[in-house]
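Take a look at the letters that make up each chain.
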Amino acid sequence: MTFNLFRYASPASFFPKARRMAAWFAPAAVALAVAGLAIGLVVAPADATQGDAYRIIFIHVPAAWMSMFIYLVMAFWSALALGYNTRLSAMMAQALAPTGALMTFVALVTGAFWGRPTWGTYWAWDARMTSELILLFLYLGVIALRNAIDDPRRADRACALLTLVGAVNVPIIYFSVKWWNTLHQGATISMTAAPKMASIMLAGLVLMSLAAWAYSIAAALARVRTIMLERERGAAWISQLPEMRRPVIA
Amino acid sequence: MLEAQDLAAERGQARLFRGVAFRIEPGCALAVTGSNGSGKTTLLRILAGLSAPAAGSVRLAGIPVKPFDPRLREAIAFAGHLPALKDELTALENLESLTALAGTRVTHSALREALDRVALSQRQALPARVLSQGQRRRIGLARLRVLRKPLWILDEPATALDREGNALFDSMLAEHLDGGGAAVVATHQPIDLPPARVSALAIDACAS
Amino acid sequence: MRVLMPAMAPEADTPATGAVAPPFAWALARDLRIALRSRAELGVQLLFYVIVVSVFPLSMAPERSLLAALGPGVLWVAALLAALLSLPRLFASDFADGTLEQMALSPWSLPAIVSGKIAAHWLTTGLPLAVLAPLLGLQYALEPSALWTLAMALLLGTPILSLLGAIGAALTLGVRGGASLLALLVLPLCAPVLIFGAGAVDAVRAGLGAGASFSLLAAGLLIAVVGAPPAAAAAVRIALD
């Protein structure tokens, strides 16, 4: 997601490249996930204090990391879209939002399921979970704004601006939620205190994080191809695609 | 003064026009004609700097300008479909407000005189809410006179004007061109000026 | 342009881009004048605030200690909602009658014009809320120190709501589902204001003093004053495209 895209700044030239990249990242994601889950669910030992319940961090932590990382990448593409007015940057930002929202949602749900057996409550208003919840609202806001504006170019720029405003606010929001949490200390316990990490658990986490990263790239690339087809419908390069030349079996 | 090169515009998926090119010198007007939906308003908005064209460039005094370019904003007086009047303010207050907004300093008496010239002095103290469409348009004309910007970009300025109002507009336009100004006017009606000073652009011919 | 058009040079124009005071004053004066001539609209938001705050205790047992504990939060959230309710009208009317277009085409700095509009909005929405809140706080049996802290916090926090809300209002101009979409966009951004604003009262109650909260709110206000008008102006230009 961070390679130099200027050479491929037109949708026409990026379209086939995206398919090739997605075809590489998707199986990589599956392989990494299988390895990571094998370690996390089977190989790694049960935790001394939390028992088997801690194993959910192998999904929760990578999802939470990706949810924040994707927002940063979205902000990067948004900045490019506003600065250089390129369609592809805006399409990449548009493609990333649903995956980011999904990661945030998974992080929240797995966090809740982790809390239940460990601390006895599904939701304990700790700083990280509350910030994650607000991040979900930021993602949903960008998606909602995209859907509400009919003109695609206006939607591109409006969502890009909103993403950047959100990105600037995220540190402020995180800081304020932490402050709020410490002010009311005692009422809540940190749900996400990870257990002491044996190196095998760390390996599992790293594998799952890489899997989440590869999945996000593959999903975003697949989605951006669909977005390109939708928005460039009628453009010359689409009718010249190899897929279009194959005979249709009636 | 104003030059357009190879302009193209889209609305959503559809391409409205392309290859639009023209050049307007001081003292000349460009009449833009075309059927409804052909892109006249879009072209004017591009020239005024409200939108970016899908392709091509606009040049002011030879220098390319991007949307909302400060030089463009200094030089033009734009009148779109909407009359830009607040219902709650009187005609005089509206005129004063719009004049100040354009960075032009003008005395109160000059404002009154401008309203007088468009036959609105009787109604200048009434809230704009009670004025008719034609009367609102006249406030727009008064504004054009007071602002004295070099380049006018007008989208169907004769809408809702009666015969008198039309005559007023024609004479104002002639005065403006005589003084070295230029104008781009989107219109359904022919402009009443010597052909030497008016060039025409039919947007339909540039449709793709 | 003056060089090309000597015959047309207008005399004694105000200097264009760069000057901030004239556009700010122009927008502030104009919006206040318009607001005062359509007073009914202003009253509605304040009435909304009063009703929401007064109706809330009906949802629970009106026990003094419970009310006093919930009071600051309720008063803050209701203020947030009342501010959100009033945000669409910041740009909507100007957008509808073409004045916003003229503002964007003015040689003046658009962020300065937008700041003036936001200031007028705050004076007609946030300021009355901040003044009204202590009175309503009496319904929640809040002690005087809490009432005073609440009013101060609202005075510092409601401008931030107007500033951040302006960005949302500009982004959602003319868009379907405008008001609710605006709330969805703006509420997450306002979380810090809520936290520090209501937190000020809690801090005072805990004996810690509201200094830290007020400083943080003031810092937030400064950041918003500097950052929000350009962002809102950019959003206006996007909406006019």
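Above this text you will find the structure in question.
We now turn to the structure provided with this report. Since we're looking at a predicted model, the values are computed, not measured. What you see as residue numbers is a count from 1 along each chain, following the sequence as written. Written order decides the labels, with chains lettered from A and ligands numbered from 1. The model is predicted, so local features are restricted to residues of pLDDT at least 70 and side-chain atom pairs to those at 80 or more, both for listing and for counting; the totals for chains, interfaces and linings are taken over all residues. Only hydrogens and water are set aside when side-chain values are computed; all heavy atoms of the structure are taken into account.

Before going further, it helps to examine the overall build of chain C. If you tally the helices and strands in chain C, you get 10 helices and 0 strands. Written out in order from the N terminus, the α and β elements of chain C read α-α-α-α-α-α-α-α-α-α. With the principal axes as the frame, chain C shows a C-alpha extent of 75 × 35 × 30 Å. Considering chain C as a whole, with its 241 residues, one finds that 55% of them fall into the buried category. When contacts within chain C are restricted to residue pairs at least 6 apart in sequence, those whose partners lie at least 24 apart make up 81%. Just so you have it, chain C exposes about 9200 Å², and 74% of that area is on carbon and sulfur atoms. This count recognises Lys and Arg as positive and Asp and Glu as negative, with His and chain-terminal groups excluded. Throughout, a charge is located at the NZ atom of Lys, the CZ atom of Arg, the CG atom of Asp or the CD atom of Glu. Considering chain C, the positive charge centre built from 11 side chains and the negative charge centre built from 11 side chains are found 3 Å apart. The helix count covers DSSP runs of H or I at least four residues long, the strand count covers runs of E at least two residues long, and both are numbered beginning at the N terminus. Summary of the burial criterion: residues with accessible area below 20% of their type's maximum are buried, those above 50% are exposed, and those between are partly exposed, where the area comes from a 1.4 Å probe applied to protein chains only. Note on definitions: a residue-residue contact is assigned when non-hydrogen atoms from the two residues lie within 4.5 Å. Accessible areas in this description were obtained via Shrake-Rupley with a 1.4 Å probe; residue shielding takes into account the shown protein chains only.

Bringing the overall build of chain A into the picture now. A count of helices and strands for chain A gives 8 helices and 0 strands. Walking chain A from its N terminus toward its C terminus, one meets helices and strands in the order α-α-α-α-α-α-α-α. Counting across all 250 residues of chain A, residues that qualify as buried make up 49%. Across chain A, contacts joining residues at least 24 apart in sequence account for 79% of those joining residues at least 6 apart. Accessible surface for chain A amounts to roughly 12000 Å². Of this, 69% is attributable to carbon and sulfur atoms.

On the side of chain B, 42 residues touch chain C, which itself brings 38 residues to the contact. For the chain C and chain B pair, buried surface summed over both sides reaches about 3600 Å², with 58% attributable to carbon and sulfur atoms. Within this document, salt bridges are pairs made up of a side-chain nitrogen of Lys or Arg and a carboxyl oxygen of Asp or Glu, the two lying within 4 Å of each other. Applying the counting criterion to the chain C and chain B interface returns 5 salt bridges. Among the salt bridges present, the one from Glu101(C) reaches Arg45(B), with a minimum N-O distance of 2.4 Å. Counted as a polar contact is a pair of N or O atoms within 3.5 Å, where, for protein atoms, one must be capable of donating a hydrogen and the other of accepting one, and residues adjacent in sequence contribute only when both atoms are in side chains. There are 16 residue pairs in polar contact (both at pLDDT 80 or more) connecting chain C and chain B. Elements with a minimum of two residues in the side of chain C that touches chain B: helix 1 (21-37), helix 4 (92-97), helix 5 (99-105) and helix 10 (211-240) of chain C. In terms of residue count, helix 5 of chain C provides more of the side of chain C that touches chain B than any other element does, 6 residues in total. We call Asp, Glu, Lys and Arg charged. Ala, Val, Leu, Ile, Met, Phe, Trp, Tyr, Cys and Pro are nonpolar, and the rest, Gly among them, are polar. Of the residues that constitute the side of chain C that touches chain B, the class distribution is 19 nonpolar, 8 polar and 11 charged. The buried area of a pairing is the accessible area, by a 1.4 Å probe, that goes missing from both parts when the two are put together, added over both.

Our focus in this paragraph is the pattern of salt bridges. For the structure on display, the rule yields 24 salt bridges over all chains. In this structure, Arg23(B) and Glu3(B) form a salt bridge, with 3.0 Å as the shortest nitrogen-oxygen distance. Of the two residues, Arg23(B) sits in strand 2 (residues 14-24) while Glu3(B) sits in strand 1 (residues 2-11), which places them 20 residues apart along the sequence. What you see here is one network of salt bridges that share partners, running through Lys86(B), Arg30(C), Asp31(C), Asp94(C), Asp97(C) and Lys117(C).

With that out of the way, let us pick up the state of the cysteines. Two cysteine sulfurs form a disulfide in these notes if their separation is within 2.5 Å. Here the structure, examined in full by the defined rule, presents 0 disulfides over all chains. Lacking any disulfide linkage, Cys159(A) is separated from the closest cysteine sulfur, that of Cys190(C), by 19 Å. Taking relative accessible area as the criterion, Cys190(C) reaches 1% and is therefore assigned buried.

What follows deals with the environment of Thr159(B). Residues and elements named next belong to chain B. Examined against the element boundaries, Thr 159 turns out to sit in the loop between strand 7 (151-155) and helix 6 (163-178). Among the residues examined, Thr 159 registers a relative accessible area of 38% and is labelled partly exposed. Considering only alpha carbons, one finds Thr 159 and Gly 19, 140 residues apart in sequence, at a separation of 28 Å. Looking at Thr 159, its side chain comes within polar contact range of the main-chain oxygen of Glu 156, at 2.6 Å.

Moving on to helix 6 of chain B. Residues and elements named next belong to chain B. Here helix 6 spans 22 Å end to end across 16 residues, near enough to the 22 Å set by a 1.5 Å rise per residue. For helix 6, the full list of buried residues reads Gly 165, Asn 166, Leu 168, Phe 169, Met 172, Leu 173, Ala 174, His 176 and Leu 177. Against the buried residues of helix 6 lie strand 3 (29-33), helix 4 (108-117), helix 5 (133-147), strand 7 and strand 8 (182-186). Positive phi shows up at Gly 180, right after helix 6, with a value of about 95°. Helices are assigned an expected span. That span is 1.5 Å times one less than the residue count.

Here we take up the sheet that holds strand 7 of chain B. The strands that make up a sheet pair up through hydrogen bonds in the backbone, lying either parallel or antiparallel. All names here are of chain B. The parallel open sheet is built from 5 strands, whose spatial order is 6-7-8-3-9. Across the chains shown, the open sheet's two edge strands, defined by having one partner strand only, are strand 6 (76-79) and strand 9 (198-202). Sheet twist, expressed as the average angle between the axes of neighbouring strands with direction ignored, equals 15°. Think of each axis as a best-fit line through the C-alpha atoms, taken over the contacting stretch in the case of a helix, with angles from 0 to 180 degrees between the N-to-C directions. Sitting on the sheet, helix 1 (residues 40-48) touches strand 3, strand 6, strand 7, strand 8 and strand 9, and the angle it makes with strand 7 is about 155°. Strands are labelled as partners when DSSP assigns at least two bridges between them.

Let us look at a nonpolar patch on the surface. All names here are of chain A. For patch building, the residue pool is restricted to those with more than 30% relative accessible area and no salt bridge; the joining distance is 9 Å between like charges and 5 Å between nonpolar side chains (Val, Leu, Ile, Met, Phe, Trp, Tyr). Side chains of Phe 69, Leu 72, Val 206, Leu 210 and Trp 213 sit close together on the surface and give an oily, nonpolar patch of about 450 Å² of accessible area. Secondary structure elements with two or more residues in the nonpolar patch: helix 2 (57-84) and helix 6 (199-231). Here the element with the most residues in the nonpolar patch is helix 6; it accounts for 3 residues.

Take the side chain of Ser89(A) next. Looking at the secondary structure, you find Ser89(A) in helix 3 (residues 87-119). Those residues in contact with Ser89(A) that sit more than four places away from it in its chain are Trp77(A), Leu80(A) and Ala81(A).

This part covers the sheet that holds strand 2 of chain B. Residues and elements named next belong to chain B. Reading across from one edge, 2-1-4-5 is the order of the 4 strands in this open sheet, with antiparallel pairing throughout. What marks the edges here is a single partner per strand, and that holds for strand 2 and strand 5 (63-65). Neighbour-to-neighbour, the strand axes of the sheet open up by a mean angle of 35°, direction not taken into account. Across 5 bridges, the pairing between strand 1 and strand 4 (residues 55-60) is antiparallel. The residue bridging Ala 4 from the neighbouring strand is Val 58, located in strand 4. This element, helix 1, spans strand 1, strand 2 and strand 4 of the sheet and lies at about 130° to strand 1.

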